[in-house]
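Listed here are the chains, written in short residue letters.
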Amino acid sequence: MAIHFNERNKTFYIGGKDFSYIFRIKDGRLQHLFFGKRIKEQDVSYIADGRKTEFAPTVSDGAESSDVLTQEYPVYGRGDYREPAVLITAADGGRTTDFIYRSHSILKNKSKISGMPTLRGGETLVIELQDELYGLILSLYYTVYEDCGAVVRRVVLKNGGKSDVIINKINSFSVDIPRCDLDKICLQGGWAKERGVERSALTHGIFEVSSTRGSSSHHLNPFIALCDKNADENVGEAYGFNLVYSGSFSVKAQVDQLGITRVGGGINEKDFRWALKVGESFETPEAVLVYSAEGLGKMSRNFHDLYREYLINPAYAYKKRPVVLNCWESFYFDFNDKSLSELIAKAKGTGIDTFVLDDGWFVGRNSDKAGLGDWHVDYDKLSGGLKAVADDCRAAGMKFGIWIEPEMVSEDSELYRAHPDWVVRHPDLTPCKGRHQLVLDFANPDTVDYVKGVISDLLKENDVSYVKWDMNRNITEFYSVYLKERSQEFAHRYILGVYALAEHLTASFPDVFFEGCSGGGGRFDAAMLYYFPQIWTSDNTDALSRAFIQYGTSFCYPLSAMSGHVSACPNHQTARITPFSSRTAIASFCSTGFELNLNALTEEETKGIKKHVEFYDGISDLILKGDLYRLLSPFDGNYFSQMVVSKDKKKALFILMKKLARCNDVYPVVKLKGLNENFTYETGGRLYGGDALMNVGLKFPNDLKDFETVLMVFTVRGAEK
Ligand code: DGJ
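Below or above, wherever it landed, is the structure these notes cover. Everything numeric here is computed off the predicted structure, so don't read it as measured data.

## Comments concerning the site of the ligand
- Around the ligand there are 13 residues in total, and Asp 358, Asp 359, Lys 468, Asp 470 and Asp 539 lie nearest to it.
- Within the side chain of Asp 358, an N or O atom sits 2.7 Å from an oxygen atom of the ligand.
- Measuring from an oxygen atom of the ligand, one finds a side-chain N or O atom of Trp 536 at 3.4 Å.
- Against a free-state accessible area of 290 Å², the protein chains account for coverage of 97% of the ligand.
- The residue inventory of the shell around the ligand, partitioned by class, reads four nonpolar, three polar and six charged.

Given below as structure tokens:
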């Protein structure tokens, strides 16, 4: 049993292999006690007792003030001035709640949240609390993942009272860590520079990562890590928090006056107001809390194991991924059946197994100014329709995939002309456009149903095996003519509409492989991973930029979740020229593919395509199932290095990339990680002891060129007894 309630001291013990999560019922309220390295079940309430300060209100004389306590799910208005986890407005204008413990149960099996991504899992603690004044019932859910250092939380609020209430804020989780000496790490960026690792001290006040864009965004991922100041990849305590949510979100970390750090998050409360009628319930998305006593590396490996085992569609999680040739950077909008046929024919025999026809295949789509919403093939470009392209693919031994952007509509489209009320806009305002397009109102079930029908027909009629689901703008106005005065529910209802469509399509077409995309990595989050086993990591395909982006993304998401393509040089985003071998090396550490015109390659590059596919075939199991060890951060120095090791430690893939050449440079020595010190490994015809590789390290030439990479595969040759 990973979850246990001790009746005597009224304490809940949630235990994983390496961690403990402990809280108790005190005076009817939940008080957080500990989240950290596994300890034996014992009374640790001393850590929370005896905190007091002046100016702290109490509910009765002599009682402890909630302002100084470590809370499990803090409320508003009863003396705790820090960030509340839940905030409501009742019919009488009151906003104060006080949730008191009523009961709890420990479930053997976890149920799915209706309409939202849910990690699969088992043992789940459900605690029911009640607010007497308004009759609200709050259920806190905790599912334990013993081997992954993880607790997954969510909350359900039921209106069991006599009047409707408004929910102004409702976090998926909150946790109080009685420490104020932590560093924070967030993944920040923007389009084409997603998920850069930024680390600094967490100081007094509130630090927030958030999005108000209607999607989880390119800018700040719904992830934050807190760690010891001296924590690195290998040592120190690290906590990772990640929302299983793709909409506007907020995660805050607050350090208070007495040295408690409160972390909490969920749906962004900005511009959120949900009418909860009598008898109705509201369910939050899930939040993942991961603990590691072995630094940031182990924190990430915990996330990777958790997501591969319990989040990503099990039919695909560990299955070899399609090796894709995508035509976007080859042609953009400028193609026809002849150019496609030539490209497809050229791929024959390379080992590439799927061709993906990107944007531009449908009527009116000669630029990004028109056509979205009308998913009818443009016969002027493709005289034989999509079927002919699919036939070409089959003839070349490949499957056929297609790009769609189902949430969007162009003003110049039949769909918009027929249903101008189906777009996100205020009726009396000209809506903002992003990439010249409008967003469909996915809070309106009719819109979602319509798109379900159209896209289902498209997939059925065209022998499609792969779908790239794009989303290329942020939402504005946040108004729905369907919701009208309830439009502050729009942002959340929109994303529920997206989930409904994704659920429908992935369930109806289980054999179709879906890839997520949002102008690259604008919606790279755990919720999308539930539907789409991999996501286009960034529109930036430059090998050096990708080293940064993929390194940052790996803090929370597994390598197999990242799509990465070998693209042309000079690179289309950065104009950088990198060696072909560097491009394939970087694209080996993700779900690989190609994004370049095979007709415009040098002979050596053409051979290189086949070589890369064959090489990748031999290491794809590592990418799908292995343990990642980050060795040198591109954010910190002139080198990037990481390796991925099979669970049995018999095989590993290693990369070193030099950013810029330096004359008479030092000889880089890299110590490998994660191997078995008693194994002997072979690489490039040489044998090394695992102990030597990890302690002596490997020495590399000091004259590596700009962006040059060294890629090595290690295979076990024997083991010491
Ligand atoms: C943005 C995507 O990230 C690109 O890969 C490409 O699919 C374009 N959209 C197409 O419009």
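Okay, back to it.
## Overview of the packing of aromatic side chains
- Under the defined criterion, the tally for this structure stands at 45 aromatic pairs.
- Consider the rings of Phe 478 and Phe 490, whose centres lie 6.2 Å apart with planes at 75°: the pair is edge-to-face. Of the two residues, Phe 478 sits in the loop between strand E26 (466–469) and helix H7 (490–508) while Phe 490 sits in helix H7, which places them twelve residues apart along the sequence. Just as Phe 478 is buried, Phe 490 falls in that class too.
- An aromatic cluster of at least three residues, connected via ring pairs, comprises Phe 5, Phe 12, Phe 19, Tyr 21, Phe 23, Phe 35, Tyr 142, Phe 173, Tyr 239, Phe 241 and Tyr 291.
- The ring of Tyr 551 has Arg 630 sitting right over it, with the charged end atom 5.8 Å from the ring centre.
- In this structure, Arg 630 is placed above the aromatic ring of Phe 555, and the distance from its NZ or CZ to the ring centre is 3.9 Å.

## Here's the deal with the pairing of strand E22 (residues 354–357)
- Both faces of E22 are covered, namely the face carrying Thr 354 and Val 356 and the face carrying Phe 355 and Leu 357.
- As paired strands, strand E21 (residues 324–326) and E22 are joined by three bridges and run parallel to one another. By the bridge assignment for E22, Leu 325 is matched with Phe 355.
- With four bridges connecting them, E22 and strand E23 (residues 399–404) associate as parallel partners. Among the inter-strand pairings, Phe 355 is bridged to a residue of E23, identified as Phe 400.
- For the handedness criterion, the β-α-β arrangement of E22, helix H4 (residues 385–395) and E23 is classed as right-handed.

## Describing the pattern of salt bridges
- In the structure shown here, the tally under the stated rule is 49 salt bridges.
- Measuring nitrogen to oxygen at the nearest pair gives 3.3 Å for the salt bridge that ties Arg 153 to Glu 72. Of this pair, Arg 153 sits in strand E9 (residues 150–159) while Glu 72 sits in the loop between strand E4 (29–37) and strand E5 (86–90), and the two are 81 residues apart along the sequence. The same class applies to Arg 153 as to Glu 72, namely buried.
- Note that Asp 80 is salt-bridged to Arg 262, the shortest N-O span being 2.9 Å. With Asp 80 in the loop between E4 and E5 and Arg 262 in strand E17 (residues 261–267), this pair connects stretches of sequence that are 182 residues apart.
- Under the relative-accessibility criterion, Asp 80 is labelled buried at 6%.

About the cut-offs
- Residues numbered from 1 in each chain as written.
- Predicted model: local features only at pLDDT ≥ 70, side-chain atom pairs only at ≥ 80, totals over all residues.
- Heavy atoms only, no water.
- Near = heavy atom within 4 Å.
- Polar contact = N/O pair within 3.5 Å; in protein donor to acceptor, adjacent residues only side chain to side chain.
- Areas by Shrake-Rupley, 256 points an atom, 1.4 Å probe, with all protein chains shown as cover.
- Nonpolar A, V, L, I, M, F, W, Y, C, P; charged D, E, K, R; others polar.
- Phe/Tyr/Trp six-rings, centres within 6.5 Å; stacked < 30°, edge-to-face > 60°.
- Helix = DSSP H or I, 4+ residues; strand = E, 2+ residues; numbered from the N terminus.
- Buried < 20%, exposed > 50% of the residue type's maximum accessible area, 1.4 Å probe, protein only.
- Lys NZ or Arg CZ within 6 Å of the ring centre and 35° of its normal.
- Pairing = 2+ DSSP bridges.
- Right-handed = clockwise from strand over helix to strand, strands pointing away.
- Salt bridge = Lys/Arg side-chain N within 4 Å of Asp/Glu carboxyl O.

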